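Remarks on the overall topology
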Amino acid sequence: MSNPNPPAATVRAPRWVQWLAVLVLVGYAFFLARHSAIVAGGSDSSGYLNSARLLARGQFFTELRAPAEFGARGAVNPMHFLPQGFFPTADHARLTPTYPTGLPLHFALAGKFLGWETGPALLVLLAATGAIALCFLVAREVRVSVPLALAGAVVLAAFPVFIFTSVQPLSDTLATTWTLAALFAALRAQRSGTRRWALGCGAAFALAVLVRPTNVLLAPALLVLIGGSFRSLAWFALGGLPGAAWLGFYNHHLYGGALRSGYGDVAAAFALSYGAPTTLHFLKWFALLMPTVLLALPFAAWRRREARTRPLLALTLAFAAITGVYAFYEVSHEVWWCLRFILPAVPALIIMALLGLESFGRFRRASALVLALWAIGSSWYWTPRLGVFLMKGYEQAYADGARAAVASLPKDAVVMSFAFSGALYFYSEFPVLRWDQMDATAFARYAALARQAGRPVCAVIFDFEEKDAFRRCPGEWRRLTTLRNIGLWQLAVPNP
């Protein structure tokens, strides 16, 4: 490396720039809030929030809600009563959350102190604005000028994938925030040599891994920045120890091993054959959704000898490790929003590109303006066309449908559902019957047992589910009410 020495302290941005940036961030937070629905909706959002509520109650498992008349505990098929976001324990009597513990821990803390409507929503907004602020701060730490660092923050904020993950309860934005926090602390540790920054880097890294386990791939980049000092490494390890201990305990208690997870055999989802199509997919959507020049500028940084610093190497390692692994993931190439899997690595790409611009040494303000306007223009075009702003309606429909079920259905009903199963588990006490996991014979048995016990059988399903749901669960269904494209039904007479 041409510059192994710690960098000099960065010059602060002018006070007026700082206040303007704060005002813009507040405006951006209002923009996200207007388009967001932080509710227990589909499988991801309901899975995270159901897990969070368990943690807030001091619980790791929840009981399988199977009516007693359907069979003894452990005797019924748990898949027939399984809400999305869970899987059954070996004794078939309890349910285990599927998703990693990091985001649910944050939601549990926020929900416990601020309520389950305000707390998670505020957390998502803080994570999004925090990621943007940290993108600017990390850029400044690696000696990017103020105009270009601000442009980099704008690029991240305008990225449609970032907006997509910041208007619903997904882990990607929070994973990005803690990744940037770890990089910022590592850079400060490199510059100052103080133990508190190494300790903070370890803690931020642990939280990044708790939120997204594949963020463990960030470790080589952080070690490059912290350096080989035994003292720094010891404080880094000490900072990460509580998070590592919790992760090991949680995984062992729920999944039977410290290195196991709720995703099952993860290795089976990766293959070399996915590499080429996924790489082309990433390149295509990066070129469309961000200023295309960002893909070439990191090479410009590496070409100039004076730019080949330890921070550039660390940023390259961070981007290459995370993106490289997900290039071989089976679903990464399916749709545009699959770029969310590599969102924690995107700020590294942006900052490397900024270093590439810095290496030219001229027209920084003009370049920053062009970059920011290009990013905003791309986002203005693509974000509505990709349906990002429709996510509020999509997610809110689950909460509204589940609450309508609580208000309209008999209190002792068993509710046939699939897409709504996680939301019903969060917003109600109804047992759910998963129509997608049953055939007509199994449903007829449950319907007969419910009828004998005087328990109503109802359904909460989207209109696009009706054909398959009623084929698998036949009978004389009577529509009780309709809420947009959601039907609430009650079984009058089951087919034998």
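This write-up is about the structure you can find in this document. Treat the numbers as computed from the prediction; the structure is a model and nothing was measured. Numbers given for residues are sequential positions, taken from 1 along each chain in its written order. Per-residue local features of the predicted model are confined to residues with pLDDT of at least 70, and side-chain atom pairs are confined, for both listing and counting, to 80 or more; whole-chain, interface and lining totals are unaffected and use all residues. Values reported for side chains reflect all heavy atoms of the structure, with hydrogen atoms and water molecules removed beforehand.

Quick look at the overall build of the chain
We count it as follows: In this description a helix means any DSSP run of H or I spanning at least four residues, a strand means any run of E spanning at least two, and both kinds are numbered starting from the N terminus. Taken over C-alpha atoms, the radius of gyration is set against a globule rule of 2.2 Å times the number of residues to the power 0.38. The buried label goes to any residue with under 20% of its type's maximum accessible area, the exposed label to any with over 50%, and the partly exposed label to all in between, with areas taken from a 1.4 Å probe on protein chains only. Note that accessible areas follow from Shrake-Rupley with a 1.4 Å probe, and for residues the cover is restricted to the protein chains shown. Positive charge is attributed to Lys and Arg, negative charge to Asp and Glu, and no charge count is given to His or to the chain ends. Every charge is mapped onto a representative atom, which is NZ of Lys, CZ of Arg, CG of Asp or CD of Glu.
Scanning the chain for helices and strands turns up 19 helices and eight strands. By the compact-globule yardstick of 23 Å for 496 residues, the chain fits well, its C-alpha radius of gyration being 25 Å. Taken along the three principal axes of its C-alpha coordinates, the chain extends 80 × 45 × 45 Å. Per-residue burial over the chain gives 55% buried out of 496 residues. For the chain, the accessible surface area stands at approximately 21600 Å², while carbon and sulfur atoms represent 63% of it. Here the chain contributes 42 positive and 23 negative side-chain charges, whose respective centroids are spaced 15 Å apart.

Notes on the pattern of salt bridges
Counted only if it meets this: Throughout this description, the term salt bridge denotes a Lys or Arg side-chain nitrogen within 4 Å of a carboxyl oxygen of Asp or Glu.
A full pass over the atoms with the stated rule returns 13 salt bridges. Note that Arg 65 is salt-bridged to Glu 429, the shortest N-O span being 3.8 Å. Remark: Glu 429 occurs in the loop between helix H17 (421-427) and strand S5 (432-434) and Arg 65 occurs in the loop between strand S1 (62-63) and strand S2 (86-88); sequence separation between them is 364 residues. Judged by relative accessible area, Arg 65 falls into the buried class, the value being 16%. Asp 172 is the partner of Arg 340 in a salt bridge, and the nearest nitrogen-oxygen pair spans 2.7 Å. Note that Arg 340 is positioned in the loop between helix H13 (310-326) and helix H14 (346-360) and Asp 172 in helix H7 (residues 172-192), a separation of 168 residues in sequence. Judged by its relative accessible area of 0%, Asp 172 is buried. Three or more residues are tied together by salt bridges with common partners; here these are Asp 44, Asp 172, Arg 212 and Arg 340.

Side note on the environment of Phe 430
The test is simple: The contact definition used throughout considers only heavy atoms, calling two residues in contact when any of these lie within 4.5 Å.
Along the chain, Phe 430 falls in the loop between H17 and S5. Residue Phe 430 is classed as buried on the basis of its relative accessible area, which comes to 4%. With 222 residues separating them along the chain, Phe 430 and Ala 208 place their C-alpha atoms 35 Å apart. Those residues in contact with Phe 430, other than ones at most four positions away along the chain, are Arg 65, Ala 405, Val 406, Leu 409, Pro 410, Lys 411, Ala 413, Val 415 and Leu 424.

A closer look at the nonpolar core
The criterion, for reference: Residues grouped as a nonpolar core are buried Ala, Val, Leu, Ile, Met, Phe, Trp, Tyr and Cys residues, joined through side-chain atoms within 4.5 Å.
Counting 88 residues, the largest nonpolar core has Phe 159, Phe 162, Leu 222 and Phe 286 as its most contacted members. With ten residues, the single largest contributor to this core is H14. Here Leu 222 is in contact with Ala 182, Leu 183, Ala 186, Cys 201, Phe 205 and Phe 236, once residues within four sequence places are set aside. With 47 residues, the next largest nonpolar core counts Tyr 48, Leu 409, Phe 462 and Ile 486 among its residues.

What about helix H11 (residues 275-289)?
As a reminder, the rule being used: Every helix has an expected span of 1.5 Å times one less than the residues it contains. Here, the arc refers to the directions that run from the helix axis to the C-beta atoms.
With 15 residues, H11 extends 21 Å between its outermost C-alpha atoms, agreeing within 8% with the 21 Å of an ideal straight helix rising 1.5 Å per residue. Three or more residues of H11 are buried, namely Gly 275, Thr 278, His 281, Phe 282, Trp 285, Phe 286 and Leu 289. Axial view of H11: buried residues confined to an arc of 130°, hence all on one face. Facing away from the buried side of H11 by over 90 degrees, the exposed positions are Ala 276 and Leu 280. Looking at the buried side of H11, the elements it contacts are helix H6 (160-166), H13, H14 and helix H15 (364-385).

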